[in-house]
Amino acid sequence: MPHRALERIAGTSPTARLAVAAAVVWLTVALGVILLLLQEREATLERAGRNLAALALALESYTSRTFQAVDLTLAGAVDALRLADDLPPHDPEFQAALERRLEFLSPYVRAIYIVDAQGRVLHDTDYPESPALTPVAQSYFQAHRDNPALVSSVAEPLENHPGLGWFVPVTRRLGSNTEFDGITVAAVQPLYFESLFRRMGLGPDDVISLYYRNGVLISRYPQAGPATGDSFAGSPLFDRHLPQSDAGTFVANRAPGPAMLVSYRDVQLQPLVVSVAEEMSSVLAPWRTVAAGAAIALGALLALLALLVDQFRRQQRVRERAQEQRAHAERMEALGHLTSGIAHDFNNLLSVVSSSLEVVSHATANDDARRAATDAAERAVARGAELIRRLSTFARSRPVELTTARLEEAVRGCEDLLRRAAGRHVDLLVDLTPDLPPCRLDETEFEVALVNLVINARDAMAGTGRIAIRTYACEEDDRHVCVSVEDSGHGMSESVQRHAFEPYYTTKGSQGTGLGLAQVYGFMLQIGGDTRIESRAGIGTKVELRFPLAGPADERATA
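Values in this document were obtained by computation on a predicted structure and should not be read as measured data.

**Observations concerning the state of the cysteines**
Consideration 1: As enumerated under the stated definition, the model contains one disulfide in all.
Consideration 2: In this model, Cys474 is linked to Cys482 through a disulfide, with the two sulfur atoms separated by 2.0 Å. Residues Cys474 and Cys482 are joined by a disulfide whose S-S torsion is about 115°; by sign, that bridge is right-handed.
Consideration 3: Since its relative accessible area comes to 7%, Cys474 is described here as buried.
Consideration 4: Cysteine Cys439 remains unbridged, with the sulfur of Cys474 as its closest cysteine sulfur at 9.6 Å.
Consideration 5: Overall, the relative accessible area of 0% leaves Cys439 in the buried class.

So this is what it looks like as C-alpha cells:
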C-alpha cells in the first residue's frame, strides 16, 4: 500500500508533489516539536516537584523542632514539680516559674496546665482567670491514665475551651511507671502555624497544610475552605500515598477544584504530616508560554510552506501557459506555411481564370449568356481574392505596420464601423478607460480584428442581444493593455474553445469560413500580443486582446 501511494503521488502534478512534500516537512517538524514539548512538560513537573519537596522537608524539620521544644519545656516543668513537695494549688512561685517557661514557648503555646490524677487543674498559666476545664473527659488524659508506658504525646486538635478556640494538646506524664500522678499539658495554637506559613511568602496558588496523622486538619494557609478539625482521612494523601511512603509527591485531581501538585512528609517522632501544594496551572505556566510560542512558530511555518506551494503553483501555471502558447504557436506556424502555399497556388489559378474571363468578355456571339457567365466568374474571383487576403494575413505573408497608439482612441476611431457591423438589433456598449499607456498595433488589422469579433458575437446571439467593447489595464500584467469584446450569446463549450483559433474550424456550417478568429490570432501573434477566450455555455463569450505597451523609443519616434 505505501508503494502504491508513492506511485500515485509520483504520477501527480509537480504542484501536488510539492504540496505533499511540504505537508511531510511540516508534520515531521510538528511531531518533533510535540515530543520536545512533552519532554519539557515532564521536566517542568519534575523541577516543581523537587522545589515543593524541599519546602516540605524544611517545614517538617521546623515543625518537629517546635514540638520537641514544647516537650522539653514540659519535661522541665515535671522535674521542677517533682522537686517541690506538697505545693498548694496555684502556688505563686511555681506559677511564676510556669509563666517563665511559657514565655520561652511563645508565641506558639498559649498556656501550660498541671493536672492531677483526678483530672483537677492544680496549676495553670491562665490563673486566676482559668477557664472551666475538664481534662478528665479528654482522650489525651485517659491515654496517660490507662497506659503507664506512655511518657509524652501529641493529641489531635480540640476545641473545648469556650472563647479560646482550637489547640493541639502536647502532654507529659506525671509520676512513675507504677503510679499515675497526672499530666502536664501545653496548648499549642494552630494559628501560630498559619501565621508562620503566611510569612514564608508563598505564591497565590500555593497551599501549606499541617495535619494530625489520622487526617484531621490542624492548620492551613491560606485558610479558604476547610478549617481546623475537618477530617481528610478519605483524601488520596491519607488513603493511598501516606500508607505507602512517609514522603512523596503526586498530582491530586480535585473536582470541581483545580488539579494540584502535592508534596508531603511525615513529621519525625510526631503524629503529624505536613504538605505543600501548588496549582498545576501555575506550575505549567512557563511551559504553556513555551508551548504557545512553539504553536505560533508552527503556524508561521505552515503559512510559509503554504505560500511557497502557492507561489510554485502560480509559476507552474505561467510555465504551462507559456508552453501551451509555444505549442499552439508552432501548430499555427505549420498551418500558416500550409495556407501560404495554398494561397499562392490558388492565386495563380485565379489569375488564369481572370485572364480567360477577360478574353471571353470580348467575344461577340451569344453575348447575353457569356455576360452572365462573366459576371458569375467575376463574383467568384472577388470572393476568392477576399479568401486569399485572409489566408495571407493568417499566414503572415503580409507584414504588419506597427504604430504607437492609444487603445481607447483606436476603438473610438472605428466605433461607427463597429456599430454597422453589429446591426440595428444589437445593443452595442463601448466602455473606454481613459489615459491608458500607449501600445503598439497595426491600425488596419486592429479594425479588421474588432469587426471580426463583433460579427462573431452578433452571429452567436442570432442578431439580437448585447455586445460590450471595453478597454482597460490588463489584470496581473503590467506589460500589456487590453480590449475585450463580450457578448450575451450561447457561449462555447470547452472543446470548441480548444479549437477556436484553428483555421477552417467553424461552428457556423456552410455560413462560415473558419478564418475569422484565426486571422485575429495571427495578427496578435505577429505584433507580440496575446489572445484569450473566456466562455460559458448558455451565458456568453468574452474575447480579450492584449497589446504590448510602447517603449520610450517608440513614443519618441511617434512624437
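**A look at the packing of aromatic side chains**
Consideration 1: All chains considered together, the criterion is met by nine aromatic pairs.
Consideration 2: Geometrically, the ring pair formed by Phe67 and Phe193 is stacked, given 5.9 Å between the ring centres and 5° between the ring planes. A residue pair is termed long-range when its members are at least 10 positions apart, and Phe67 in helix H2 (residues 14-83) and Phe193 in helix H5 (residues 190-199) qualify at 126 residues. Each of the two residues, Phe67 as well as Phe193, counts as buried.
Consideration 3: An aromatic cluster is present here, built from Phe67, Tyr108, Tyr192 and Phe193 joined pairwise through their rings.
Consideration 4: Lying over the aromatic face of Trp287, Arg41 brings its terminal NZ or CZ to 5.9 Å of the ring centre.
Consideration 5: Positioned above the aromatic ring of Phe312 is the side chain of Arg319, whose terminal nitrogen or guanidinium carbon lies 5.4 Å from the ring centre.

Rules of the game
- Residues numbered from 1 in each chain as written.
- Predicted model: local features only at pLDDT ≥ 70, side-chain atom pairs only at ≥ 80, totals over all residues.
- Heavy atoms only, no water.
- Disulfide = S-S within 2.5 Å.
- Buried < 20%, exposed > 50% of the residue type's maximum accessible area, 1.4 Å probe, protein only.
- Phe/Tyr/Trp six-rings, centres within 6.5 Å; stacked < 30°, edge-to-face > 60°.
- Helix = DSSP H or I, 4+ residues; strand = E, 2+ residues; numbered from the N terminus.
- Lys NZ or Arg CZ within 6 Å of the ring centre and 35° of its normal.

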